[in-house]
Amino acid sequence: MAAYQICVRCENRWPVTYQPRQWCPSCRGVLLSPVSTDVPVPPSRRNFRWVARPAVPIGPAEPTTRKRGMGPTPRYREIPRWGLTDPRPVDTEYEPSRSETISDLAPTLLVGAAVVFGLAALAEAFRYGLLVFNRTRLVDPLALAVSDAAVWATQVGAPFVALGAAVACAVRLLEVRRRVFAERGEVDPRPSPTVLLGVVVPGVNLAMPGVLLTEIAGRDPRLLRAIRIWWVLWVLDAVMFVVVVLWRQRDTLQARADGVLLAACAAALATAVALTTLHVVRLFEGTDIWGRPLRHRRFTHATGPAYAPIAPIVPRPATADSPADTAALSQDDTPAGTQDERADVPEPAAST
């Protein structure tokens, strides 16, 4: 999308390359904010206004004392079409490019991959339960047919959905890297073929995706933590896939039964990888895994106590200004046991 900036002094238009400029390269005047040439900007959102100026006469000015006769009234054969009216917006919808369309499918394909791998894990677990049940009893043919159909459908559909999700995520990674480096005012130092090969080539894709994501994560601790968790799960999923393939080379009955259990664990781990990938994709958009805006928790420095303590009750000091206060003070200073001791002393008998 082409954009340009208009100088307020020389009125030159300068195209925007990577980031907007502030000063005009020609006359060092102030540049206005970028204006798109593809989409018309309504007057309410403009930061400039059109000013009509009279044409400057060419050649020496004629003396004012010369009188000229009034010419004929100007006429037009048709209505003039010049003016300063806003052009009518063209009713054309914005058509995204093919890469943008593919990158927009990444969240949907990741959800589909998580669902398919989750069903595959359930199908393998159900088959393992049938194997355990078959040790002592016969298995119903209908249950066996349902188990075979579920395992076959998930094993056929899961690779295609996973491949589509991987391609969409690779294209989305390119789009996100371009956007992040453009916001920084830089250009992606890695060419697009290098990024794609680092995501697609087996073995290399165990290390390069994590490096490519870390380069654009910045200093966001939440995003860095999510990328590291995804990286660990991604490597574990690859190791689990190799273990399952090697384990299925054994021909014993117990090895085959254990292979079914390993396949269920591998499918469950692939489900976790798909969901974690979706979480990382959403974090780059500033949303959670459900697409809702993130709530950033901010901590501020506390300058006072966490709670307001109750001040202790301090008795007011008594003053001896008045006789009543003096009497009260003397009564309070009297020991507590004096009155009781006097009460216990018998009074002397009256003499006759």
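That block above? That's the structure.
The rules behind each value
- Residues numbered from 1 in each chain as written.
- Predicted model: local features only at pLDDT ≥ 70, side-chain atom pairs only at ≥ 80, totals over all residues.
- Heavy atoms only, no water.
- Pairing = 2+ DSSP bridges.
- Helix = DSSP H or I, 4+ residues; strand = E, 2+ residues; numbered from the N terminus.
- Axes fitted to C-alpha atoms, helices over the stretch in contact; angles between N-to-C directions.
- Parallel < 35°, antiparallel > 145°, perpendicular 65-115°, else oblique.
- Left-handed = near helix turned anticlockwise from the far one by under 90°.
- Nonpolar A, V, L, I, M, F, W, Y, C, P; charged D, E, K, R; others polar.
- Core = buried A, V, L, I, M, F, W, Y, C linked by side-chain atoms within 4.5 Å.
- Buried < 20%, exposed > 50% of the residue type's maximum accessible area, 1.4 Å probe, protein only.
- Contact = heavy atoms within 4.5 Å.
- Phe/Tyr/Trp six-rings, centres within 6.5 Å; stacked < 30°, edge-to-face > 60°.
- Lys NZ or Arg CZ within 6 Å of the ring centre and 35° of its normal.
- Salt bridge = Lys/Arg side-chain N within 4 Å of Asp/Glu carboxyl O.

Asks: Quick question: what am I supposed to make of the sheet that holds strand β3 (residues 35-36) here?
Replies: The strands that make up a sheet are held in pairs by hydrogen bonds between backbone atoms, and each pair lies either parallel or antiparallel. Strands sit in the order β2-β1-β3 across an open sheet of three strands; the sheet is antiparallel. The open sheet terminates on both sides in strands that have one partner only, identified here as β2 (13-15) and β3. Pairing analysis gives two bridges linking strand β1 (residues 3-6) to β3, with the strands arranged antiparallel. Considered in β3, the bridge of Ala3 is made with Ser36.

Asks: Before we go on, may I ask you to explain the packing of helix α6 (residues 221-247) against helix α7 (residues 253-284) in this structure?
Replies: In a packed pair of helices, the relevant descriptors are the angle between the two axes and the axis-to-axis distance. One can describe the packing of α6 onto α7 by two numbers: an axis separation of 9 Å at closest approach and a directional angle of 155°. Compared by their axis directions, α6 and α7 come out roughly antiparallel. Like other packed secondary-structure pairs, α6 and α7 cross with a definite hand, here left-handed. Classifying every residue of the contact of α6 with α7 by side-chain character gives 22 nonpolar, four polar and three charged.

Asks: What should I look at first to understand the nonpolar core in this one?
Replies: In globular proteins that are soluble, nonpolar side chains generally tend to be buried together. Formed by 21 residues in total, the largest nonpolar core has its most connected members in Leu173, Leu213, Ile216, Leu223, Ile227, Val280 and Phe284. Residue assignment for this core shows that the elements contributing at least two residues are α3 (141-183), α5 (208-217), α6 and α7. Considering each element in turn, this core owes the most residues, six residues, to α6. Those residues in contact with Leu223, other than ones at most four positions away along the chain, are Ala217, Val280, Leu283 and Phe284.

Asks: Help me understand the packing of aromatic side chains, please; the structure alone is not making it clear to me.
Replies: What describes a pair of aromatic rings is the distance from one ring centre to the other and the angle between the planes of the rings. Evaluation of the coordinates by the stated rule reveals one aromatic pair. When the centroid spacing of 6.0 Å and the interplanar angle of 10° are considered together, the rings of Trp230 and Trp234 count as stacked. Taken as a pair, Trp230 and Trp234 lie in helix α6 at a separation of four residues, close to a single helical turn. For Trp234, a relative accessible area of 25% puts it in the partly exposed group. Note that Arg184 overlies the ring of Phe181, its terminal NZ or CZ placed 5.5 Å from the centroid.

Asks: Got a minute to help me understand the pairing of β1 in this structure?
Replies: Residues in a regular strand project their side chains so that they alternate between the two faces of the sheet. Across three bridges, the pairing between β1 and β2 is antiparallel. Bridge pairing in β2 places Tyr4 opposite Pro15.

Asks: Explanation requested: the pattern of salt bridges in the structure shown.
Replies: For side chains of opposite charge, pairing can occur when their charged atoms come near one another. Taken as a whole, this structure holds nine salt bridges when the rule is applied. A salt bridge links Asp188 to Arg177; its shortest N-O distance comes to 2.7 Å. Linking Asp188 in the loop between α3 and α4 (192-200) with Arg177 in helix α3, this pair joins segments that are 11 residues apart in sequence. Summarising the burial analysis for this pair, Asp188 and Arg177 share the class buried. With a shortest N-O distance of 3.7 Å, Arg179 and Glu183 are connected by a salt bridge. Of this pair, Arg179 and Glu183 both sit in helix α3, four residues apart, which is roughly one turn of that helix. By relative accessible area, which is 60% here, Glu183 ends up exposed. Through salt bridges that share partners, Arg177, Asp188, Arg190 and Glu215 make up one connected network.

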